[in-house]
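# Per-entry structural report
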Amino acid sequence: MWPDLIKKAKEGGLDAIETYVFWNAHEPSRREYDFSGNLDLIRFLKTIQDEGLYAVLRIGPYVCAEWNYGGFPVWLHNMPGIQLRTANQVYMNEMQNFTQLIVDMVKQEKLFASQGGPIILAQIENEYGNAQAAYGDAGRAYVEWCSNMAQSLDVGVPWIMCQQPDAPQPMINTCNGYYCDQFTPNNPNSPKMWTENWTGWFKNWGGKDPLRTAEDLAYSVARFFQTGGTFQNYYMYHGGTNFGRTSGGPYITTTYDYNAPLDEFGNLAQPKYGHLKELHDVLHSMEKILTSGNVNNTDLENSVAVTIYALDGQKSCFFSNANETTDATITHEGVKYNVPAWSVSVLPDCKTEVFNTAKVNTQTSVMVKKSNDAESEPSSLQWSWRPERIDEAIVLGRGQSSAHELLDQKVVNDTSDYMWYMTNVYIGKNDPIWSDDMTLRINGSGHVLHAYVNGQYLGSEWATYGIFNYVFEKKVKLNPGRNHISLLSATVGLQNYGPHFDTIQSGIPGPVEIIGKKGDERIIKDLSAHKWSYKVGLDGISNKLFAENTKFGTMKWHSHDVPINRRMTWYKTTFKAPLGDAPVVVDMQGLGKGMAWVNGQSIGRYWPSYLAKDGCSNDPCDYRGPYFADKCTSKCGEPTQRWYHVPRSFLSNDENTLVLFEEFGGNPSLINFQTVEVGTACGSAYENKTMELSCNGRPISAIRFANFGETEGSCGSFAKGSCSSEKDVVSIVEKECVGEEKCSLQASESVFGSTNCSNNAAKRLIVEAIC
């Protein structure tokens, strides 16, 4: 997808692509490196270069990014004497080794701008200023070391440190956030730079769908450049998918759409993509005056401001209104301009408003799922199954290692989500703890726990996003004598953010206790220091049941009596790829929790049984006022994630294989493959602007609504307002657009006739088209 995404980014008005470098992906085992396939960093940078764009290389190598363990390889955690992200020699040696490796690779290919390449900036560390205080003096020493180490690499381009107010010179400290217009670098000679403009927010299991409006995002960008900004980067412009086990958290979803201008599947997310493109085009036209001109700011009352850039007799203006409810009228050189609340007007010649952040002249695309025309689904999917072999763990207790303590699951270098904790406990009828009312109590780490006693399933427990522990307690029936306890821990992405995030435990920190109750008396037997056996992973994953060419993958699959709602079960089916080239998704509705593979490649963790919590508003989303993650959320009570991306590059033209590991129990019969396409395109253009309408490669089949004048409602529920044009707008639009893949019309009375609107009315052409 790289070439297509980078091309769309350039067409959207971007000048550079910013990317992290993921240490745990490239050095999964110490001194064993992987830059193959999708991990080919050099190929990615050269693809950027081939498109004529610049690159920003955020080496980190801590990256956060809602990525597993913040991008750190977990083997770091297990090195003797190590402390991460502080002045610790063991850690600094490893960090320098990886940073040096990346720099040397890039230098060898001559990819830094100083060598004629595309990379114009490099970043060391990442948002350390947010955590630094927790590390005391050693934290400050570490920042100084990072600066000196980076400079010693002699890359020939500036180094940046984001969210680092005390960045040592010559490091450039930069801003991250929803708004950075008020940010000032710590050195007056440093440019004002914004490394992360958050285009929305990420999702966690149990979380709602976020939305940051196109109007507010454009407002933040325009305000930044109005107030002297020189460089602004979107986080994310394309977020994509957390394939495999890359999502962190815990509890970050497989989707990483981030409400970005290019959606998870690579489609244009309209109107955000187009509205920003218009802004980028205007800012590009003002580039010289913004970077070299003299600046004059005038603050008017009620949060209104006028900024004038002047150079060589030319002037460019920004009129901003930061009031959240009240529109403003600004008089400039005898001319009155209306500036809506929470918006910025851009006038490249200080006379004509070319762009206003609150006035969207871009279509809204309503994306829909289309059924797979290649075959009749889901009835055509024929499933086979096999159980995950758990008897060795829950009956025999056979492990790969043992210890007289409960281990943090990171001790195995995060080679799997799954680890068994197994022990035996002997209780006689004369034991003081013995009673008819006994419970097993386990202090869990916040991830998923499945408990078995004497080969029988006892229960499961997990916490919610942001909670790092819970107590599992269930009544248990034990036998006199030997009892076997098996606990399966399933991590859901390791912690990726916060001071000392690397020390937050995963697995089962304990204590693990048996509690006997006799009347008011409670007797506790702590099993934490017992001998525990450990087994990493699951048999099916270890034997690669998901792989295309494995001797285990073709054996012992049952095609009869396919079970549903059965824990620890593998399912397999074949399917044909949907026709065409639209992005492909698989509907996982009906499943519990687990992992999925298509043709042997992981499409990530799934968990459609985890419903989004309550708290959504039925009120229309108001772009005015500061954005926050819970503003304008939707889809409360629905699966946090129902649809999972299957890249076309994973698919073959012939038969394809889908393999599932179902951990909780679910029904695979509802699963089907679909495509994501534009279903409805709603065009919008203010008077004297041009409305462009597109079905992204498919023809416009019908016009459901069209009006020039005032229109009420939103895409899918438009109605004529108090005034409209005298001509039949629908027939004019039908003649121009139906049967075409795209069309354009000027929103003017010369096209649609005069209106009965008042002089103060904001006339718009609104069209709803069916693709």
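Residues numbered from 1 in each chain as written. Predicted model: local features only at pLDDT ≥ 70, side-chain atom pairs only at ≥ 80, totals over all residues. Heavy atoms only, no water.

If you check an unreviewed UniProt entry, the chain appears there as Beta-galactosidase from Anisodus acutangulus. Under the heading Catalytic activity (unreviewed entry), UniProt records this for the chain: "Hydrolysis of terminal non-reducing beta-D-galactose residues in beta-D-galactosides." (UniProt positions renumbered as here; feature names shortened; annotations may be inferred.)

What follows concerns helix H11 (residues 729–737). Listed as buried for H11 are Val-729, Val-733 and Cys-737. Projected onto a plane normal to the axis of H11, the buried residues spread over an arc of 40° and lie on a single side. Looking at the buried positions of H11, the neighbouring elements they touch are strand E35 (702–712), strand E37 (742–746), helix H12 (749–752) and strand E38 (764–770). Capping the start of H11, Asp-728 holds a side-chain oxygen 3.3 Å from the backbone nitrogen of Val-730, two or three residues further along. Downstream of H11 by one or two residues, Gly-739 has phi in the positive range, about 90°. (Buried < 20%, exposed > 50% of the residue type's maximum accessible area, 1.4 Å probe, protein only. Helix = DSSP H or I, 4+ residues; strand = E, 2+ residues; numbered from the N terminus. Arc of directions from axis to C-beta. Contact = heavy atoms within 4.5 Å. Polar contact = N/O pair within 3.5 Å; in protein donor to acceptor, adjacent residues only side chain to side chain.)

Side chains that carry opposite charge are capable of pairing whenever their charged atoms lie near each other. Considering all chains together, one arrives at 36 salt bridges under this definition. For the salt bridge of Glu-677 with Arg-698, the shortest nitrogen-to-oxygen distance reads 3.0 Å. With Glu-677 in strand E33 (residues 672–686) and Arg-698 in the loop between strand E34 (690–694) and E35, this residue pair connects regions lying 21 residues apart in the sequence. On the basis of relative accessibility, which here comes to 16%, the residue Glu-677 falls in the buried class. The class of Arg-698 is partly exposed, set by a relative accessible area of 21%. Through salt bridges that share partners, Arg-389, Glu-392, Arg-398, Lys-535 and Asp-539 make up one connected network. (Salt bridge = Lys/Arg side-chain N within 4 Å of Asp/Glu carboxyl O.)

Using the criterion set out here, one finds 8 disulfides in the structure. Each sulfur in the disulfide pair Cys-682 and Cys-715 lies 2.0 Å from the other. Residues Cys-682 and Cys-715 are joined through a disulfide that is right-handed, its torsion about the S-S bond being 75°. With a gap of 33 residues between them, Cys-682 in strand E33 and Cys-715 in the loop between E35 and strand E36 (719–724) connect regions that are remote in the sequence. Between the sulfur atoms of Cys-695 and its disulfide mate Cys-771 the distance is 2.0 Å. Disulfide Cys-695 to Cys-771: torsion about the S-S bond roughly -85°, handedness left-handed. Residue Cys-695 is located in the loop between E34 and E35, and its partner Cys-771 is located in the segment after E38; the two are separated by 76 residues in the primary sequence. Pair check on accessibility: Cys-695 and Cys-771 agree, each one buried. Just so you know, Cys-146 is unpaired, no disulfide at all, and the nearest cysteine sulfur is the one on Cys-162, 12 Å from it. For Cys-146, a relative accessible area of 1% puts it in the buried group. Left unpaired, Cys-162 is separated from the closest cysteine sulfur, that of Cys-175, by 9.4 Å. (Disulfide = S-S within 2.5 Å.)

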